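Residues per chain, in single letters:
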Amino acid sequence: MFDYTKINSETWDSWAEDGCEWSLPISHEEYEKTTEDNFAVYLTPCITVPHEWFGDLKGKKVLGLASGGGQQMPVLSKLGAECTVFDYSDKQLEAEKMVSEREGYSIEIIKGDMSKTLPFEDESFDLIFHPVSNCYVEDVCHIWNECYRILKKGGRLLAGMDNGINYLFEDNAPLKVVNPLPFNPLKMPKEKRDAMIANGDGIQFSHTLDEQIGGQLKAGFVLKALYEDRDGEGGNEIGKYYPQYFATLAVK
């Protein structure tokens, strides 16, 4: 059987080794400067998450879902949250361990595949922080259902998502429409998948708004807020013309 999530795990390990911007842990100086009034974390490439989306984090149980890399969880830990990070990349989790040991806080570190049932009891968390990452999983509605299950009543889901426009194009034709949407390599010829893997892109998927927003609503969430974002300088050329990402705040 074609194990695409394992390929994506290995792809992220490779990106982390190469110094991907989402694999660079925060510095000790950044950690020390973090306060309730002065902190910045990202669900999407450039816009920081509004502080009011978090509420009071002191003593709250927070899950960083596919959020390894030592960037967001150290900040939320410094703000008083009891954090767990769940990721499928060994290298991303190594960064979490390194920062926690350097700064002396506790964090539960779990390696796992979010396309499967999450290894947590019902109503385990007050908040889930889920940056852009469900583009590496085919079934997004499964993720929303699992998030709803493991959140406490009144719990918050903060999610970053790709709106799919990136997948209309390919790197060798950045502004020429090439692919129909939704983009699903598992339903394409094997040669297409092999080319993506050989190019170091892993196996990625686009998802419709029905899946992304509609899927959250069908799971039972109430949508509270939303913003759009785009690649910054040096990112995908598409971002010059149209936002490629959005973030949502939803409540159980």
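Positions within a chain are numbered from 1, following the residues in the order the chain's sequence is written. In keeping with the predicted nature of the model, local features appear solely for residues at pLDDT of at least 70, side-chain atom pairs appear and are counted solely at 80 or more, and the whole-chain, interface and lining totals rest on all residues. Computation of side-chain values covers all heavy atoms of the structure but excludes hydrogens and water.

Colleague: Run through the environment of Phe2, naming residues and quoting values.
Modeller: As for its placement among the helices and strands, Phe2 is situated in the segment before α1 (4-17). A 1.4 Å probe rolled over the protein chains alone gives each residue an accessible area, and that area as a share of the maximum for its type sets the label: buried under 20%, exposed over 50%, partly exposed in between. With relative accessibility at 31%, the residue Phe2 sits in the partly exposed group. Spatially, the C-alpha atoms of Phe2 and Asn172 are 26 Å apart, while their sequence positions differ by 170 residues. Residue contacts are counted whenever heavy atoms from the two residues lie within 4.5 Å of one another. Those residues in contact with Phe2 that sit more than four places away from it in its chain are Ile7, Leu186, Arg193, Ile197 and Ile203. By definition, any uninterrupted DSSP run of H or I lasting at least four residues is a helix, any uninterrupted run of E lasting at least two residues is a strand, and each is numbered from the N terminus.

Colleague: An account of the packing of aromatic side chains is requested, with residue identities and associated values reported.
Modeller: Two aromatic rings from Phe, Tyr or Trp, using only the six-membered ring of Trp, form a pair when their centres are within 6.5 Å; if the ring planes differ by under 30 degrees the pair is stacked, by over 60 it is edge-to-face, and anything between is tilted. All chains considered together, the criterion is met by 12 aromatic pairs. Ring geometry for Trp12 against Tyr136: centres 6.0 Å apart, planes inclined by 80 degrees, an arrangement best described as edge-to-face. Here Trp12 is found in helix α1, whereas its partner Tyr136 is found in the loop between β4 (125-130) and α5 (140-150), with 124 residues between them in sequence. Cluster of aromatic residues (ring-pair linked, three or more members): Trp12, Trp15 and Tyr136. Just above the ring of Tyr148 sits the side chain of Lys252; from NZ or CZ to the centre is 4.7 Å. By the criterion adopted, a ring carries a charge over it if an Arg CZ or a Lys NZ lies within 6 Å of its centre and within 35 degrees of its normal.

Colleague: Explain the layout of surface pockets residue by residue, including any values.
Modeller: Only protein atoms enter the 1 Å grid, on which a cavity is a set of points fitting a 1.4 Å probe that cannot get out and a pocket is an open set with protein on both sides within 12 Å along at least 5 of 7 lines, lining residues being those with an atom within 4 Å of a point. Grid points are joined across faces, edges and corners, and a volume is the space filled by probe spheres set on the points. Estimated volume of the second largest pocket: approximately 360 Å³. For the second largest pocket, the lining is made up of 15 residues, of which Ile26, Glu30, Ala40, Tyr42 and Gln71 are closest to its centre. Residues of the lining of the second largest pocket, tallied by class, amount to 8 nonpolar, 4 polar and 3 charged. When residue character is reported, Ala, Val, Leu, Ile, Met, Phe, Trp, Tyr, Cys and Pro are called nonpolar, Asp, Glu, Lys and Arg charged, and the others, Gly included, polar.

Distances and angles like these do not, on their own, reveal function.
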